[in-house]
Amino acid sequence: MRNLKLLKSLRSTELRGPAGTVVSPVLWRRGDGHAHFYSNLQVVSEASLTAGGFLPEDGGGAVVGLQDLAELESACLSTAGGDVVLFNFNTCQLECVGSVDSGLTSMSWSPDEELVVLTTGQETIIMMTKHFEPITEVGIHQDDFGEGKFVTVGWGKKETQFHGSEGKQAAQRTIQVGVRPAAAWDDRAPRVTWRGDGQLFAVSAVCLQTGARKVRVWNREGVLQATSEPINGLEQALCWKPSGSLIASTQRHPNKHSVVFMEKNGLLHGDFTLPFSKDHAKVKDLLWNSDSTVLAVWLEDLAAGEDQQLWVAGNYHWYLKQSLDFGRDSRKAPVCVCWDPERPLRLHVVTRGWTSVTYDWGWATERSPGTDAAADANVAVIDGDKILVTNFRQCVVPPPMCSFELQLTSPVNQVTFLCQPQGTNRLAALTSDGQISVYAQGESCDRDVRDAMRDPVSVPGEEPLALRQLLWLQDELFVGVSSSLPPTSSTLLMLRPPRDADATLTVRSAGLNSSSCSNKTTTCYLFLNVRVDGAELSVEDWRDASGCSINFPVPCVQTALCSISGEEYLLGLTDRSHLYAGDTELASNISSFGVCNDFLLITTHSHTCRCLQLTTLSVKGLQAALASDGGQNDESLRRVERGSRIVTVVPQDTRVVLQMPRGNLETVHHRALVLAQLRKWLDSLRFRESFECMRKLRINLNLLYDHNPKVFLENMEAFITQLGSISHINLFVTELKEEDTTSTMYPRGPESSPVQTRPVSGQKKVDVVCDALRSAMESMDPNKFFLSVLTTHVKKTVPELEVALQKVHELRVNPPRAAGAVSAEEALKYLLFLVNVNDLYEHSLGTYDFDLVLMVAEKSQKDPKEYLPFLNMLKSLETNYQRYTIDKHLKRYSKALHHLSKCGKEGHSLTHSLTHSLTHSLTHSLTHSLLQRRFAEAALLLDQYAKDCEEAILALITGSVWEEALRLIYMHDRQDITETNLKPALLEAVGTQTAFLEAQVAAFTRHRARLAVVREQKEKARLGMLDEDGPDCPDAELYSEASSVMSGSKYSQSNSRVSSRSSKNRRKAERKKLSLKEGSPMEDRALVYALGEILTTVDKMREEVHGLLKALVLFQFDKQAEKLQPAYEEALQAMEAAVPEVWAPEGPASNQAQLTGPNSTANSIMASFQQQQRPAAPQPGRHRLSSLFIHNSSCDVCLCN
């Protein structure tokens, strides 16, 4: 939704020479055969083409091509006579590098200036290098389609179709399709255009047979690639889009004139219609700009003179953005039009009257500048003689559609909105014929637009677009800028309607020299401050607070006024994405920006949208904020789609409209705008608007309270009244939580006022809000807000379910008669929605009200057989004992004892029974712990709860927890247990550990020796089979380490039987296979598994041996410790030394090549696969075993790895 806005125009009449035809912006061919070369609009060199014999002296020759060659520091030109001439800029000499006898009709260089294509008078193409070495010469007219000829399998061909009564001969009948010849005004010369990458070029030439133009595509080697389909009315204009996707040309239809696009295969691909009839104008040329965003159409209007149109595509629609009308004066007619190769939006035009005009355009979004709630956030899009206006406050309409259209009589070049606060929805349009049309919304309907003023503007100037930067300051005052002489100065125009009935506007002009208004000015207020006092216009330098003049370091294509920390600044965005505030650069990756109220919104090339509050930030603060990446809860940062640009921001709202690169629109609610608007609403006690916005945009409702707790509690009735809806109040209550959202989710900035302290200290936020809400609702209308009152009970930190149930019960007993009151059934159903039915049933029991219990149980999914016998049993009990039974069932033991004490004499016996039950429970728990060998836990229960320190110490001694046993002995002063129990237990433990170690070492040695024997036997058996049967024996591979032929087939069948068992049973079955019986099929694997178990067991003993050694040294049992420590150390060393031998790197991986070799069989492969699937034995050899060392001289025990 962007328009092309004229930033500046540079007009020069310094070019002087005899009447002639302009060939190029850098070379002018005169009638006397001289060539003038210009730099900065001054003649720097001159050469005579006639003196060199390249042009005839009678002026009948022509230059058909000109190209500046930067690498050669020369200009290359070709003449119709067939000469190719180089002009050297340094020596000012002309050199003929080649000549064609038949003459030349065109010359075109490739974009990389490596190749040149010449078309000759004999309808041939000559391709040469930049050093003019011939590559190829081919004819323009080829009978073949080219290398890209389409391939078809015959489907859909006429020969395969049914022709009915016409018969099969209809399939052989050919229909001649007539193609109209080229127009009479066509010069019939070939046109050559290159693709942007220089790999392909297209040639448009008149076909010799049909007389119509046909386009052919050639590659860089001069090989034909494709030929266009027959196109009626195809014209001479031809231009390949630099991006390489389409070739543009024009086509004359019977009822319209169109610009058509072709693909590189010659097929048509889209078009758009020019805004005139077929015989109204002819298209002289088409020109793409360097970045393929603008297409210039050079027209010659047969009635009104020549015209330049600039077209832009967006969302699959072509917009006419600018129209340059040069009038009927032949001296003003352009003879050369070209885009600047470096600046995409700069257009050069040279007229027959030796006038050069350079236009610089920029992209701009014309949006209404309103900042109040009455502003409609209008955006105007220029489309030829129509203005497409979209009212974004009411709706978001994707382009090219709009809310309404304004139809004018001439193409529109500029649109501006009124800058007055009360009239920002009014707009004015400047058309190409110098008319200003003013439009305002009608009184009856927002979309009824009427024409309020239509008056011509008389602006001094000879070239089109003499007036630019049109600004509507007041109802009857326009300000614009026009070019003046010299070119470095501009004129500021003040346009007012006449006081009488004259048809023209009066013009006041103030000459602005180059010192006060640079030619880099983009708008009239960049460096100037325009003050309007009554009817007078004064111009002053734009200065900052310190009195210094403000100048942007580089020209800016988009500007806006804003206030930063109370000081007025001018923001500018360059075409290189640099954002400036005056002469200070704020950021360098900005794609678009907009100022709305107190916020600056920008989009960046890193695909983010930032929203910064200008009233709380300085210029340095803006720089720092734009340079940072933002935190996790940074409300100013939002991710957007790649290439998004800001269209507009709805004032006093939260909506930001973005346009994607493909043209579609998206509306986002930026978090910073949303929170700022919410804070304003909450400060003004507009709770309903705040709640609706938060619910719609998923803002946590806790912010309603956290923003200002004191004010919220003081205006609780206003909050309830504004919300009105019970469901809204319930939604607010259910979302309450203890978190302060102003410090976590939506943190306040450092400039914001501090958060109000909680009004009630020591209470939790949820409880305070629930109590305040409930109190206010009960005082207003308890029947209406009954469900919300229940919600406040349930939502409290400790849910008051019993109170809520009691209120439901009271409602059932005494139903209210008020209209709209909630029934008990509805209240209970709602309560069950909030609370789990089982929890509600338990709490209903706690009320001792069996009617309420039955009411809850009926709404639950419980079977009556489950709860009715229990309730009937309770009803048969005495009241206190009944309540005791209920409390004991609910595990409320304090209440149970309280009611039990009221049971009289029976209460004492019941209390004793309860104590006995608790003691039995404790004993059971201790017994269970001891059975699980949880000696430390059992000792804790015995010591802390049973107060039996002796049993606790004995439990620790039994579990070998020596240190904790010593702690309890000294804490309870029971040194007698040391002599009677502890020391004997230590000596017994030494003997037990030593014997256990000896047994483990012996078993390890025995299994290790047996494993070596088994492996040797299997290896011999395998080698014996190989020697006996030879290498082709199919059973040789079955003698692997894992199994034999018999074992493989046997256990394969076993696996099939147990495949359906559970995983636990499968593991048990696998362990059964690992038998240590000598001669078993898997004895080697069983031995490895047993060795791993022994090694793991011994390694796990280190903690127990460590504690035992410390205790032995403490009680001076040095001899026993000296015996245990070496035994354990030797066991560890022996096992560690055997690890490489037992767990050698052998297994399925090493034998895989043999098992799956060319001599393998199905049985051998299956046996190998089953072996790999079996659980592998643990390999503790991957880590070094730990060992213990103890020093006899001290009680320190060292654990070394």
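The structure we're discussing is the one just above.
Residues numbered from 1 in each chain as written. Predicted model: local features only at pLDDT ≥ 70, side-chain atom pairs only at ≥ 80, totals over all residues. Heavy atoms only, no water.

K.L.:
Residues and numbers for the pairing of strand β16 (residues 213-219), please.
P.N.:
Two faces make up the sheet, and in a regular strand the side chains alternate between them. Among the seven residues that make up β16, six are buried, leaving the element largely enclosed by the rest of the structure. For strand β15 (residues 200-206) and β16, the ladder comprises seven bridges, and the chain directions are antiparallel. If you follow Phe-201 over to β16, its bridge partner there is Trp-218. Pairing of β16 with strand β17 (residues 224-227), which is carried by three bridges, proceeds in the antiparallel orientation. When the bridges of β17 are listed, Arg-216 appears paired with Thr-227. (Buried < 20%, exposed > 50% of the residue type's maximum accessible area, 1.4 Å probe, protein only. Helix = DSSP H or I, 4+ residues; strand = E, 2+ residues; numbered from the N terminus. Pairing = 2+ DSSP bridges.)

K.L.:
Mind laying out helix α27 (residues 1118-1142), listing which residues take part and the relevant values?
P.N.:
Here α27 is 25 residues long and its end C-alpha atoms lie 36 Å apart, about the 36 Å a rise of 1.5 Å per residue gives. Among all positions of α27, only Ala-1121, Leu-1124, Gln-1125, Tyr-1128, Glu-1129, Ala-1131, Leu-1132, Met-1135, Ala-1138, Val-1139 and Val-1142 are buried. (Expected span 1.5 Å × (residues − 1).)

K.L.:
Describe the packing of helix α20 (residues 949-958) against helix α21 (residues 962-971), with residues and values.
P.N.:
Interhelical geometry of α20 versus α21 gives an angle of 160° and a closest axis separation of 8 Å. For the element pair α20 / α21, the angle class is roughly antiparallel. Crossing hand, α20 versus α21: left-handed. For the pair formed by α20 and α21, the contact residues are Ala-952, Ile-953, Leu-956 and Ile-957 on the first element and Trp-962, Glu-964, Ala-965, Leu-968 and Ile-969 on the second. For the contact of α20 with α21, the residue count by class is eight nonpolar, no polar and one charged. (Axes fitted to C-alpha atoms, helices over the stretch in contact; angles between N-to-C directions. Parallel < 35°, antiparallel > 145°, perpendicular 65-115°, else oblique. Left-handed = near helix turned anticlockwise from the far one by under 90°. Contact = heavy atoms within 4.5 Å. Nonpolar A, V, L, I, M, F, W, Y, C, P; charged D, E, K, R; others polar.)

K.L.:
Any chance you could break down the pairing of strand β12 (residues 124-129) for me, citing the residues and the numbers?
P.N.:
Among the six residues in β12, six count as buried, and that is most of the element. Burial along β12 is two-sided: the residues Thr-124, Ile-126 and Met-128 and Ile-125, Met-127 and Thr-129 are all buried. Relative to β12, strand β11 (residues 115-120) is paired through five bridges, and the arrangement is antiparallel. By the bridge assignment, Val-116 is partnered in β12 with Met-128. Between β11 and the antiparallel strand that follows it, β12, lie three residues; Glu-123 among them carries a positive phi value of about 60°. As judged from the five bridges shared by β12 and strand β13 (residues 134-139), these two strands associate in the antiparallel manner. By the bridge assignment, Met-127 is partnered in β13 with Thr-136. Here β12 hands over to β13 after four residues, with Phe-132 in that stretch at a positive phi of 65°.

It is worth stressing that arrangement in space is one thing and function is another; only the former is reported here.
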